[in-house]
Structures are given as structure tokens and as C-alpha cells.
Amino acid sequence: MAISTYRKRFPLPEVKYLNGLGFNLHWDNGGLPGELAAIRATGARWVRTDLLWNGVEFNGAYNFARWDKHFAGLKENGLRSVNILCYNHPDHMNPEQKAQMVNAWDTSFGLYGDSQIAAFLAYVEATVKRYAGQGHIWEFWNEPNVSHFWKPEIDPTQFMHVFSQVVKLIRSIAPEEYIAIDASHVNSESRSGMFLENCIKLGLLDMVDVLFIHPYTTIWNTGSALNAESAAAQYTWVKKLLAKYMPRGRYIRVFQGECGISEVDCNFYEPSPVTFATTTTTTTGGTKTDPTTDSADAAAIPTRSENLLGELSTNFNHTLWRGYWLKPNMVTGVIDPLGKNNAVRLLSADRDADPGRNVSGLIAGSSAITGSTDNPQYYVVSYYARATRDNLFVFFGLSDKYIAYHLLDDKWRRYYITFKVTSNETRAFQIYERAQNNVDWEIAYPMVERIDNPEPDTQARRQALQAEYAKKQWQVALNNGVAMNIWYNWMDDGPNTVAYHDNFGVLEEDRSTKKPAYHALQQAHFDWRTNGIPK
């Protein structure tokens, strides 16, 4: 079958068709009765599954019974799959790798040595020959730019050495198949663009059809997450990097291959609209005085205190603002995203010309941020920002203890997060770039709001917020031209409602009880097909 014919029969998702929703699965046997049909009923057309090497090879022989059932179920329900070819195998690990195993399924060690790689390629060959021709995507490894998944350490050179052989093998078996890797979660320093750019320099773009990213906005191990809209900068970053290196005539799709949020991180609040000084207008009925805002939704905001930064939100010349390793110059009065001149631009500096002052940022000192273990307080921290070109990593928050990180692109966006504060702090806001000698960047309207009457922190509230986030992050992907959206996870992985990794699913652990996130995605699919995708 010619490549063009096969790919016309099995096209990749397109935004306009809303045919890229999917779920990450932690099972590979077709699921419980009706489970794949329940996936299809959300509007999903994709799943993503680990086809674990040590789940099919036993004592030197392959047993495909589980996977045969799984792929038959996918076909019956009109679903396609992102098949992850991974990880190592205890029967083929070297002694050092075996010594580091925590349990029998701890196999995420990188592939090294000719015999180990040859055995892996044999598993790939047997698997692809069996399930090719069904429109699936073959993904090599999961999150190879995270040391947890390519032990003992991230190694783009070795990764590409193995991947080039995987690609050659798959193309020899079924040249029309889709091949992918993922760039993982690019919204942190350790998972920044270095791995992906190194792979690109080693020939990646001549090998793949799809590049997945995992645009999580969770700030790991803090119980906090940035707003779903913040992921847009990650999409921009990856697309710009591809454009920089893309060989002539090549076209590679950027998809969201995994993203979600645990219920444990879902106790957040929206920031209030930016409010300016009151304005007086004359009408036929007399004089009316109103605050001006950036939104008509002010009445929907939960009761909270005033913006604790007050004048500091617009006056960066105020004496309470002080530099955070401040670059030589900054410019105030810069036009902001709301059409006023309340932004500040932080300028680039040269390390040699200005030693010791090579990153920029701002601090607002204050004793207004208080809390205790017995009486925690919730604060919403928000601001608008953009890089003047390219992309930039920044850290922001209340203090060094309550800090978040994310990527900026060259579009004005509002970023926000909720912190649960259990201590008294001496700062109310801080922001700084992660590395020196970056591009100029601009910020506007930093706000810190204390939630005066927080809602009860219940599982019902957390599940409702998880549903809201799931819908929003899909919308953000679509609005940024990203047609595939794989939600992590299909089901909760455990019964503990306060355990982080147990609570990502749209189904409860019983795999039948549908959580609000399931219904939210299902309703969004119906509404957007009928009325269009909201901007």
C-alpha cells in the first residue's frame, strides 16, 4: 500500500474535526466490558498505551494474547492508539541496571550495549509486524528527557542512537506507519529545550512524523498548579524550535501527548479582573462613577481582600519595588495588554559588562502575607507578561517558599496560581528570569489577593475544578492549533483521595464511576462540534 493511500485512509487529527481527544491508559488488555465504548462515548478517538517490553516477552518467547484482545477492542470501538514502545527488560539488563531496580516493574533504564539494543529491536519488530496497518502512532519511549524514565541520566546521544535504529526497522516493515517521540514537559528548567534541541541536531526531524509534548502546569509537590492557559507558551516554544531547524519539505505535527491534573492540586481560585481608578462619566441621567476593569466578570469573583499590592501593580517606580539582581536598565510606562502604559520592560544585560548582575526581576516587600499551619491562608498571585521575542523561563510567586515557574512567549498572557500559605512572609511578590543574558521581557499588573472566605476544601470541589481544568486545557490546545489532546489519566490509579498520583483519572478507581471531568469533556465535545470552539 502506498504511503499516500494509507495516510489518506488513516489521517492524523485536525482541529476543525475535533477528532484528537484521547486518554492515557494503564491497561493493555481491552479493559473491562464496555470500557472502550465509554471512552468512545466522550467523543474520544484515541488512547495512549505502554506496550511494555517486559509485558510481552517471557523467557525468550512472546505472548501477545493480552494485546490481541486490546487491539481487537480498539478496532471494534473505532479507536486508534499511540503505542509506546518501552522500556528495558530484566532478562536483558546489565548487572548495574538490575542492582538499581526497586521492584520487578522498575524497568525504565536506558538501552545500552549491542545485545540489549538488539533484543529491544526484536521486540519492536515482532510488535509492529503484528499491529501495523491500523492507523496507530508508534512512540519510542515515554519522557526520555526525564532521568526517571531514562536511567541513570538523560542521554540524548544514546537515545538518538537507539531511536535511529528503531525508525529504520519500522520503515523497513511498514514505511507508512506514523512514528513519534515526546519532548515531555518543557515547562521547567530540567525539562527545557536542551534535550529536544540536541536530538534535533542529531537528525530527529528527518525521522519523526509527530512530536508530542506534555504541557503540565502543575508545580510538582506543592499542591499548586498554574492556570491551564499558561500551557500556550509551551506550544509556541516547540513550534518555534521546529521552525528554526525544519528541513525543507518536511512537515511534523505537534500534538499534546499527555497532560492532566491531580485532584490534589485542585483547590485554586481565579484572580479578579484588573481594576483601575474610578472614572466619572456624564450621562443623560446625570453623573455615574464606576471602576474600570479588564473584564465584565467582577461580580462572579469569590469574596476576597483587595489587591494587596495596590499602587505597586502599576507604579514600578515606587520605592517599595526593588531589584532582584536587576539588569542595568528597566523602562517603565510601557504599553500593556489592556491598552494602557502600566507595564515595565526589563532589559538584557551582558555578563561580562555587568558581572554579578546578569539576571533580572523585581521584588515587592510586605508583611501582609500571613498564615499558619493551624490557620492557613489562600493567596491568588497573578500577572501579565511576555518576552519581547523568543521564549524565557521565569520564576514567580510570593517568596522563595511559595514559588512557581513557567515559560513565557512573545504574547501577552495572564499567569496565575493559588498558594496555601502556612507561614508569615516578608515579601508579597517576586519574579525573576531563570538564566542570564536572555531577551528583554515585560510584566504588567502583578496582583496578590487573599481569599477572605475560602470555600470548603472538599473532594466535590476538587473534582469540579479538575473538570473545569480538563475542558480549559483542551480548549487551549485547540486554540493553539494542537489537534490531539491525550488526557492523563483515564482512571484513578488508587483509592487514596489525598495521594497525588492516585487522582488524575476521569473515572474513579473502580473504572465505572464517572467523575465530573468525564462529563465535562464529553459535553465540551458535543458543544464545540455544534457551536464551534470558543476562543
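Residues numbered from 1 in each chain as written. Predicted model: local features only at pLDDT ≥ 70, side-chain atom pairs only at ≥ 80, totals over all residues. Heavy atoms only, no water.

### Section: the pattern of salt bridges
And then number 1: Applying the stated criterion to the full structure yields 25 salt bridges.
And then number 2: With its nearest N and O atoms 2.8 Å apart, the salt bridge here joins Arg-48 to Glu-258. Of this pair, Arg-48 sits in strand 2 (residues 46-52) while Glu-258 sits in strand 11 (residues 253-259), and the two are 210 residues apart along the sequence.
And then number 3: Between Lys-515 and Glu-263 there is a salt bridge; the shortest N-O distance is 2.6 Å. In this pair, Lys-515 sits in the loop between strand 24 (485-487) and helix 10 (516-531) while Glu-263 sits in the loop between strand 11 and strand 12 (275-283), placing the two residues 252 residues apart along the sequence. (Salt bridge = Lys/Arg side-chain N within 4 Å of Asp/Glu carboxyl O. Helix = DSSP H or I, 4+ residues; strand = E, 2+ residues; numbered from the N terminus.)

### A look at the sheet that holds strand 23 (residues 441-450)
And then number 1: Strand order in this open sheet of 5 strands is 15-16-23-18-21, and the pairing throughout is antiparallel. Only two strands of the sheet have a single partner each, and these edge strands are strand 15 (330-334) and strand 21 (413-421). The sheet shows a mean angle of 30° between the axes of neighbouring strands, direction not considered.
And then number 2: Pairing of strand 15 with strand 16 (residues 343-346), which is carried by 4 bridges, proceeds in the antiparallel orientation. In the sheet register, Val-331 faces strand 16, and the bridge partner there is Arg-345. (Pairing = 2+ DSSP bridges. Axes fitted to C-alpha atoms, helices over the stretch in contact; angles between N-to-C directions.)

### Let's talk about the packing of helix 9 (residues 459-479) against helix 10
What describes two packed helices is the angle between their axes and the distance between those same axes.
And then number 1: The interhelical angle for the contact between helix 9 and helix 10, taken along N-to-C directions, is 35°, at an axis separation of 8 Å. In this structure, helix 9 meets helix 10 at a crossing whose hand is right-handed. Of helix 10, the residues touching helix 9 (which contributes Gln-463, Gln-466, Ala-467, Ala-470, Lys-471, Trp-474, Gln-475 and Leu-478) are Pro-516, Ala-517, Ala-520, Leu-521, Ala-524, His-525 and Trp-528.
And then number 2: For the contact of helix 9 with helix 10, a count of residues per class yields 10 nonpolar, 4 polar and 1 charged. (Left-handed = near helix turned anticlockwise from the far one by under 90°. Contact = heavy atoms within 4.5 Å. Nonpolar A, V, L, I, M, F, W, Y, C, P; charged D, E, K, R; others polar.)

### Overview of the pairing of strand 6 (residues 137-140)
And then number 1: By the alternation rule, side chains of strand 6 split into Ile-137 and Glu-139 and Trp-138 and Phe-140, which are all buried.
And then number 2: Where strand 5 (residues 80-86) and strand 6 come together, 4 bridges link them in parallel fashion. In the sheet register, Asn-83 faces strand 6, and the bridge partner there is Trp-138.
And then number 3: In this sheet, strand 7 (residues 178-182) lies alongside strand 6 in parallel orientation, the contact comprising 3 bridges. From the neighbouring strand, Glu-139 faces strand 7, where its bridge partner is Ala-180.
And then number 4: Traced from strand 6 through helix 6 (residues 156-173) to strand 7, the parallel crossover comes out right-handed. (Buried < 20%, exposed > 50% of the residue type's maximum accessible area, 1.4 Å probe, protein only. Right-handed = clockwise from strand over helix to strand, strands pointing away.)

### What about the pairing of strand 16?
And then number 1: Relative to strand 23, strand 16 runs antiparallel, the two being bridged by 4 bridges. Of the residues in strand 23, the one forming a bridge with Arg-345 is Glu-442.

### What to know about the sheet that holds strand 1 (residues 21-25)
Strands in a sheet are paired, the pairing made by backbone hydrogen bonds, and the direction either parallel or antiparallel.
And then number 1: Here 8 strands make up a closed barrel; going around it, the order is 1-2-5-6-7-8-11-24 and the pairing parallel. The sheet shows a mean angle of 30° between the axes of neighbouring strands, taken without regard to direction.
And then number 2: For strand 1 and strand 2, the ladder comprises 4 bridges, and the chain directions are parallel. Residue pairing for strand 2: Gly-22 is matched across the bridge by Trp-46.
And then number 3: Strand contacts of helix 5 (residues 114-131): strand 2, strand 5 and strand 6, with the helix running at about 165° to strand 5, the strand carrying the most contacts.
And then number 4: Strand contacts of helix 8 (residues 232-245): strand 8 (210-213) and strand 11, with the helix running at about 150° to strand 8, the strand carrying the most contacts.

### As for the packing of aromatic side chains
And then number 1: If you walk through the whole model with that rule in mind, you get 36 aromatic pairs.
And then number 2: Ring geometry for Phe-395 versus Tyr-432: centroids 5.5 Å apart, planes at 15°, classification stacked. Within this pair, whereas Phe-395 is found in strand 19 (residues 392-397), its partner Tyr-432 is found in strand 22 (residues 427-433), the two being separated by 37 residues in sequence. Residues Phe-395 and Tyr-432 agree in their burial class; the two are buried. (Phe/Tyr/Trp six-rings, centres within 6.5 Å; stacked < 30°, edge-to-face > 60°.)

### Focus on the environment of Arg-130
And then number 1: Structurally, the position occupied by Arg-130 is in helix 5.
And then number 2: Spatially, the C-alpha atom of Arg-130 lies 9.0 Å from that of Phe-64, the residues being 66 residues apart in sequence.

### Section: the confidence of the model for the protein
And then number 1: Averaged over all residues, the pLDDT of the protein equals 90, while 89% of them reach at least 70.
And then number 2: Per-residue pLDDT stays below 50 along residues 188-192; that stretch engages in 15 contacts with residues further than four places along the chain or on separate chains.
And then number 3: In the predicted structure, residues 279-292 sits below a pLDDT of 50 and forms 20 contacts with residues beyond four places in sequence or in another chain. (pLDDT = per-residue confidence, 0-100.)

### With respect to the environment of Leu-74
And then number 1: Looking at the element boundaries, Leu-74 is found in helix 3 (residues 65-76).
And then number 2: Among the residues examined, Leu-74 registers a relative accessible area of 0% and is labelled buried.
And then number 3: Once the C-alpha coordinates of Leu-74 and Arg-40 are considered, the two residues, 34 residues apart in sequence, prove to be 9.6 Å apart.
And then number 4: Beyond its immediate chain neighbours, meaning those up to four positions away, Leu-74 contacts Leu-36, Val-47, Leu-79, Ser-81 and His-136.

### Observations concerning helix 3
Residue pairs three or four apart in sequence face the same way in an α-helix, which turns once every 3.6 residues.
And then number 1: Compared with the 16 Å implied by 1.5 Å per residue over 12 residues, the 17 Å span of helix 3 between its first and last C-alpha is a close match.
And then number 2: Of all the residues in helix 3, the buried ones are Trp-67, His-70, Phe-71, Gly-73 and Leu-74. The buried side chains of helix 3 occupy one side of the element, clustering within an arc of 155° when seen end-on. Exposed and oriented more than 90 degrees from the buried face of helix 3 are Ala-65, Lys-69, Lys-75 and Glu-76.
And then number 3: Structurally, helix 3 contributes buried residues whose contacts are with strand 1, helix 2 (35-41), strand 2, strand 5 and helix 5. (Expected span 1.5 Å × (residues − 1). Arc of directions from axis to C-beta.)

### Overview of the packing of helix 5 against helix 6
And then number 1: With their axes 10 Å apart at the nearest point, helix 5 and helix 6 run at an angle of 35° to one another. Considering how the two elements wind past one another, helix 5 and helix 6 form a crossing that is right-handed. Here Ile-117, Phe-120, Leu-121, Val-124, Glu-125, Val-128 and Lys-129 of helix 5 lie close against helix 6, whose contacting residues are Gln-158, His-161, Val-162, Gln-165, Val-166, Leu-169, Ile-170 and Ile-173.
And then number 2: Among the residues making up the contact of helix 5 with helix 6, the classes are represented as 10 nonpolar, 3 polar and 2 charged.

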